[in-house]
Amino acid sequence: AQSVTQPDIHITVSEGASLELRCNYSYGATPYLFWYVQSPGQGLQLLLKYFSGDTLVQGIKGFEAEFKRSQSSFNLRKPSVHWSDAAEYFCAVLHTGNQFYFGTGTSLTVIP
Amino acid sequence: DVKVTQSSRYLVKRTGEKVFLECVQDMDHENMFWYRQDPGLGLRLIYFSYDVKMKEKGDIPEGYSVSREKKERFSLILESASTNQTSMYLCASSLKIQPQHFGDGTRLSIL
């Protein structure tokens, strides 16, 4: 069965520090992978996606993610976090049947 | 830019009421989805639809139904609202094998 695991429920980082949010997936075929961000009281906004090709993908707001097949991981990174990055982050995998599977999310707090 | 519009941001209803949540998308997407979001549980799929007048059950369809009479509109129906259906409800749409686009959500309280 397909699943997505985000092992960190909550992360706190200082403004200007680097960030890495972890995501592991369980899926038999080549996955389509996504990261979304959700600001308080809002819907989810797509940060980036991986379908194939270069395993390092660039997204909006300065985020990037690296697909590592050997580790079944798709971790999200940002070199320098801004206070406005405080939000909930969701990793997702797309099943070939058009059904998405989401992780339970990682809540990011940014301290000055 | 894709626009997914949910009819209400906040809604308060009473137990036993029939509740309608409406979702409209403006990009001719085939696929539409309804999720509920609860703290610590992430997004759970209630129902989805690949085409007009078709629907598929997701992971937690009990107590819900849906309607898709037009391609752009996907309605979620709580047949007889209960307090355990208090939640944030998110609608999304997508093309086939493409990212989902989300509405801003409806925070529903059942009293």
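Residues numbered from 1 in each chain as written. Chains lettered and ligands numbered in written order. Predicted model: local features only at pLDDT ≥ 70, side-chain atom pairs only at ≥ 80, totals over all residues. Heavy atoms only, no water.

**Student:** Would you mind showing me how to read the environment of B:Glu17 here?
**Tutor:** Residues and elements named next belong to chain B. Along the chain, the position of glutamate 17 falls in the loop between strand 2 (10-13) and strand 3 (19-21). Note: C-alpha distance between glutamate 17 and isoleucine 110 (93 residues apart in sequence) is 9.0 Å. Here glutamate 17 is in contact with Leu78, Glu79, Ser80 and Ala81, once residues within four sequence places are set aside. (Helix = DSSP H or I, 4+ residues; strand = E, 2+ residues; numbered from the N terminus. Contact = heavy atoms within 4.5 Å.)

**Student:** Teacher, can you tell me more about the pairing of strand 8 (residues 64-68) of chain A here?
**Tutor:** Within a regular beta strand, the side chains point alternately toward one face of the sheet and then the other, so they alternate between its two faces. Residue and element names in this part refer to chain A. Across three bridges, strand 7 (residues 56-58) lies against strand 8 in antiparallel orientation. When the sheet's bridge partners are listed, glutamine 58 is paired in strand 8 with glutamate 64. Here strand 7 hands over to strand 8 after five residues, with lysine 61 in that stretch at a positive phi of 60°. Sheet topology note: the strand 8/strand 9 (residues 73-78) ladder contains five bridges and is antiparallel. Within strand 9, the position partnered with glutamate 64 by the bridge is arginine 77. If you look at the hairpin formed by strand 8 and strand 9, you'll find four residues sitting between the two strands, and serine 72 has a positive phi there, around 50°. (Pairing = 2+ DSSP bridges.)

**Student:** Sorry, what's going on with the packing of aromatic side chains here?
**Tutor:** Aromatic rings in a pair are described by how distant their centres are and how their planes are angled relative to each other. Here the structure, examined in full by the defined rule, presents 18 aromatic pairs over all chains. Here the aromatic residues A:Tyr32, A:Phe34, A:Tyr36, A:Phe51, A:Phe100, A:Phe102, B:Phe33, B:Tyr35, B:Phe48, B:Tyr50 and B:Phe102 are joined through ring pairs into a cluster of three or more. (Phe/Tyr/Trp six-rings, centres within 6.5 Å; stacked < 30°, edge-to-face > 60°.)

**Student:** What should I look at first to understand the interface of chain A and chain B in this one?
**Tutor:** Taken together, the contact pairs 21 residues of chain A with 23 residues of chain B. Carbon and sulfur atoms supply 55% of the area that chain A and chain B bury against each other, a total of about 1,800 Å² over both sides. For the pair chain A and chain B, the number of links is three residue pairs in polar contact (both at pLDDT 80 or more). Ranked by residues supplied to the side of chain A that touches chain B, first place goes to strand 5 (residues 32-38) of chain A with four residues. Of the residues in the side of chain A that touches chain B, the class split is ten nonpolar, ten polar and one charged. (Buried area = accessible area lost by both parts, 1.4 Å probe. Polar contact = N/O pair within 3.5 Å; in protein donor to acceptor, adjacent residues only side chain to side chain. Nonpolar A, V, L, I, M, F, W, Y, C, P; charged D, E, K, R; others polar.)

**Student:** Could you clarify how one ought to interpret unusual backbone geometry in this entry?
**Tutor:** The general pattern is negative phi for most residues beyond glycine and trans for most peptide bonds. All names here are of chain B. Even without a glycine there, the phi angle at aspartate 28 is positive, about 60°. Turning to its location among the elements, aspartate 28 is positioned in the loop between strand 4 (23-25) and strand 5 (31-38). Positive phi, close to 65°, is recorded for lysine 53, a residue that is not glycine. With respect to the helices and strands, the residue lysine 53 is situated in the loop between strand 6 (42-49) and strand 7 (56-57).

**Student:** Looking at this structure, how should I read the nonpolar core?
**Tutor:** One recurring pattern in soluble globular proteins: nonpolar side chains tend to sit buried together. Residue and element names in this part refer to chain A. Counting residues in hydrophobic clusters, the biggest one holds 27 residues, and the most contacted among them are Leu19, Trp35, Leu47, Leu48, Phe74, Leu76 and Tyr89. Of all elements in the fold, only strand 2 (10-14), strand 3 (19-21), strand 5, strand 6 (44-50), strand 8, strand 9, strand 10 (87-94) and strand 12 (106-111) reach the threshold of two or more residues within this core. Ranked by the residues each element gives to this core, the list is headed by strand 10, at four residues. In this structure phenylalanine 74 touches Cys23, Leu33, Phe34, Trp35, Leu48, Tyr50, Val57, Ala65, Glu66 and Phe67, once residues within four positions along its chain are discounted. (Core = buried A, V, L, I, M, F, W, Y, C linked by side-chain atoms within 4.5 Å. Buried < 20%, exposed > 50% of the residue type's maximum accessible area, 1.4 Å probe, protein only.)

**Student:** How should I be thinking about the pattern of salt bridges in this particular structure?
**Tutor:** Where side chains of opposite charge bring their charged atoms close, a pairing between them can arise. For the structure on display, the rule yields ten salt bridges over all chains. A:Arg77 serves as the salt-bridge partner of A:Glu66, at 3.1 Å between the closest nitrogen and oxygen. Taken together, the residues span a long stretch of sequence, with A:Glu66 in strand 8 and A:Arg77 in strand 9 at a distance of eleven residues. Residue class for A:Glu66 comes out partly exposed when judged on its relative accessible area of 22%. The partner of B:Lys18 in a salt bridge is B:Glu79, with the nearest N and O atoms 3.8 Å apart. Highlighted residues: B:Lys18 in the loop between strand 2 and strand 3 and B:Glu79 in the loop between strand 9 (73-78) and strand 10 (87-94), separated in sequence by 61 residues. The class for B:Glu79 is partly exposed, based on a relative accessible area of 40%. Through salt bridges with shared partners, a single ionic network connects A:Glu64, A:Glu66 and A:Arg77. (Salt bridge = Lys/Arg side-chain N within 4 Å of Asp/Glu carboxyl O.)

Just distances and angles here, no functional claims.
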